[in-house]
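# Structural characterization, general
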Amino acid sequence: MSSVDRATSRASVAALLIVLVAVATRIVSWWNPIAHVDDQFYLLGGQELLRGHWPYIDIWDRKPLGLFLIYAGIAAIGGSSVLVLNLVATSFAAATAMVVRQIAMRIAGPGAALMAALTYLIVLPLYGGQNGQSPVFYNLFIAGAFLVLLRSAERQEPPLAAAMGSMLLCGLAMIVKPTSFVEGGMIGLGYLWLLWRRGTAAVPFALTAATMIAVALLPTLLCFLPYWLNGKAAADAYIYANYVSIFERRNFQAIARLAGAALLMLYLFPLFIMAAIGGWKRWRDHRSQASTRLVIAWMAAAIFGYFSVPSFFDHYALPLLPPLCVLAAAFFNGASGRLWFAAYAVFCLIQGSILDASSNRHEAEAYARSRTTVAASMQGGCVYVFDGPSRLYVDFPQCRPTKYLFPDHISLITEAGAVGTDTLVELRRILDAKPAVIVTRTAQPGRQLKSVEALLNDRLSQGYRPVLHLPPDQNASLDNLTIWQRSDLSGPPVN
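All values derive from a computational prediction rather than experimental measurement.

### Some words on the state of the cysteines
- Applying the stated rule across the entire model yields one disulfide.
- With a sulfur-sulfur separation of 1.5 Å, C382 is cross-linked through a disulfide to C399. Of note, the bridge from C382 to C399 carries an S-S torsion of about 55 degrees and is right-handed in sense. Highlighted residues: C382 in the loop between helix 15 (357–378) and strand 1 (383–385) and C399 in the loop between helix 16 (391–395) and helix 17 (408–411), separated in sequence by 17 residues. Each member of the pair, C382 as well as C399, is classed as buried.
- Not part of a disulfide, C325 finds its nearest cysteine sulfur in C348, a span of 9.3 Å.
- A relative accessible area of 0% places C348 in the buried class.

Below is the structure:
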């Protein structure tokens, strides 16, 4: 067998193993419609977009349009199917792992590069990436753009076409998550570094830089264009949601941010150590400094992007994984690398989410019970989810009590004054319409404005009765959930 045949065979085996691990690390939640609170809403947003409802105008959120376009595509394929959603997300995760392997092969052997790819898949579920969180999608664009940069660094011809391709991928990432502009900026600077090293004259250098910026911004401009064409109000709504509202959002107390930092390091600390050792080993190898410098710069950009957002959610750590895994490949390349990889994989499995089929099944069953209760209680009216699974809006699309269909935008104290309206006024408007069913959860102290809590409790006590209460649980969507039916309606017996 020739060396080309061996490489092809090795690549095929690696691709098959990556797909199998991608499925194995995610399959436990494939049939759970409320596995992640954000995915529920993204699918809702995609369906609303297919119905002609405009994000930021008819359904409000601050996520970029690109994410809703991805979910609109998912909804076009599978409707409300959570299985289709997870199959698409798993395909993106596997594709990203394959790109990670290709990048890692620039600084490590094939076996170590495969371990880096598998590490990416194993760690994803630990930080909210087991389903369809936004980094599951845009990590592929950023990793792909970086791979094109590395290939360009290996060649001697001017990297103009490669630079434009990378910038377009970075632009696509930006319309899924704006903070990816930090990594995109680093990749752009990487191309300028290559041009400078190759002695490019000042005028072509400046023209190339300007063109790269224009290409990177093109997807964002195309997203903004229909809003601009629709008038000033639509354009203002787009700009506020995408670029202003995040800075008006409050943060939880410092203790919450410390808890977030602790969660970040809990499972990533060993990977940081392995990546640091791997990066140091490669830095000492002068033959590979160009690729090593670029990977380290990518890692630095990902860390900077992570800290550019003051609040913490577990999925904010996901963009750190591709560069961390690539650098760790140099560590896995050592004699004890396989042992450390196996130990880290077992360490990650201890976290539980990869193997937790029973909790996902229990959660899906509890949601089915809730959905059945809502269906029996609505009697042609509306359901309003003050706090609970927005998946209910997917299952009951006939009525929309508000454009703020992500419950946190009305209920969470950190969103007060950051969604373009007075949340107390909006809640009063919703309750004045007397929805047939209201869904609530018992909130932790300090999560909701006292005025919002008082208004809701007053209306519930005067005009609603509980028809289902789910006990305390570990699930964020159904913990202490109560379904209330309007008192003048005949409904199911109390559960």
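This is not the end of the story, as more comes after the structure.
### Describing helix 19 (residues 450–463)
- For helix 19, which comprises 14 residues, the first-to-last C-alpha distance of 20 Å matches the rise-based estimate of 20 Å (1.5 Å per residue) to within 8%.
- Here helix 19 has its buried residues at V452, L455, L456 and L460. The arc that holds every buried residue of helix 19, seen down its axis, measures 125 degrees, which confines them to one face. Exposed and facing more than 90 degrees away from the buried side of helix 19 are K450, S461 and Q462.
- Those residues of helix 19 hidden inside the fold are in contact with helix 17, helix 18 (423–432), strand 2 (437–441), strand 3 (464–469) and strand 4 (481–486).

### Section: the environment of A35
- Along the chain, A35 falls in the loop between helix 1 (3–24) and helix 2 (37–50).
- By relative accessible area, which is 27% here, A35 ends up partly exposed.

### Let's talk about the nonpolar core
- In terms of nonpolar packing, the biggest core is built from 150 residues, with F146, I187 and L268 touching the most fellow members.
- Residue contributions to this core peak at twelve residues, all from helix 6 (residues 134–154).
- Dropping the residues within four chain positions of it, I187 is found in contact with I142, A145, F146, L149, S166, M167 and C170.

### Some thoughts on the side chain of R101
- Mapped onto the secondary structure, R101 falls in helix 4 (residues 82–104).
- Of the side chains with opposite charge, E154 lies nearest to the buried R101, which makes no salt bridge, at 13 Å.
- Excluding residues within four positions of it along the chain, R101 makes contact with R10, A11, A14, I18, A113, L114 and A117.

### Describing the layout of surface pockets
- Within this model, the second largest pocket holds a volume of roughly 260 Å³.
- Taken together, 14 residues form the lining of the second largest pocket, with M167, G184, G185, I213 and A216 sitting closest to its centre.
- Those elements that provide at least two residues to the lining of the second largest pocket are helix 7 (160–174), helix 8 (181–197) and helix 9 (202–229).
- For the lining of the second largest pocket, the element with the highest residue contribution is helix 8, accounting for six residues.

### Digging into the side chain of T220
- Tracing the chain through its elements places T220 in helix 9.
- By relative accessible area, T220 is classed as buried at 14%.
- Each residue touching T220, except ones within four places of it in the same chain, is listed here: M174, I175, Y238 and Y243.

### A few points about the packing of helix 12 (residues 289–307) against helix 13 (residues 321–332)
- Direction vectors running N to C along helix 12 and helix 13 enclose 145 degrees, while the axes themselves pass 9 Å from each other. Like other packed secondary-structure pairs, helix 12 and helix 13 cross with a definite hand, here left-handed. In contact with V295, I296, W298, M299 and A302 of helix 12, helix 13 contributes P322, P323, L324, V326 and L327.
- Its residues assigned to classes, the contact of helix 12 with helix 13 comprises ten nonpolar, no polar and no charged.

So, how was this worked out
Residues numbered from 1 in each chain as written. Predicted model: local features only at pLDDT ≥ 70, side-chain atom pairs only at ≥ 80, totals over all residues. Heavy atoms only, no water. Disulfide = S-S within 2.5 Å. Helix = DSSP H or I, 4+ residues; strand = E, 2+ residues; numbered from the N terminus. Buried < 20%, exposed > 50% of the residue type's maximum accessible area, 1.4 Å probe, protein only. Expected span 1.5 Å × (residues − 1). Arc of directions from axis to C-beta. Contact = heavy atoms within 4.5 Å. Core = buried A, V, L, I, M, F, W, Y, C linked by side-chain atoms within 4.5 Å. Lys, Arg positive; Asp, Glu negative; His and termini not counted. Salt bridge = Lys/Arg side-chain N within 4 Å of Asp/Glu carboxyl O. 1 Å grid on protein atoms, 1.4 Å probe; cavity = no way out; pocket = protein on both sides within 12 Å on 5 of 7 lines; lining within 4 Å. Points joined across faces, edges and corners; volume = space filled by probe spheres on them. Axes fitted to C-alpha atoms, helices over the stretch in contact; angles between N-to-C directions. Left-handed = near helix turned anticlockwise from the far one by under 90°. Nonpolar A, V, L, I, M, F, W, Y, C, P; charged D, E, K, R; others polar.

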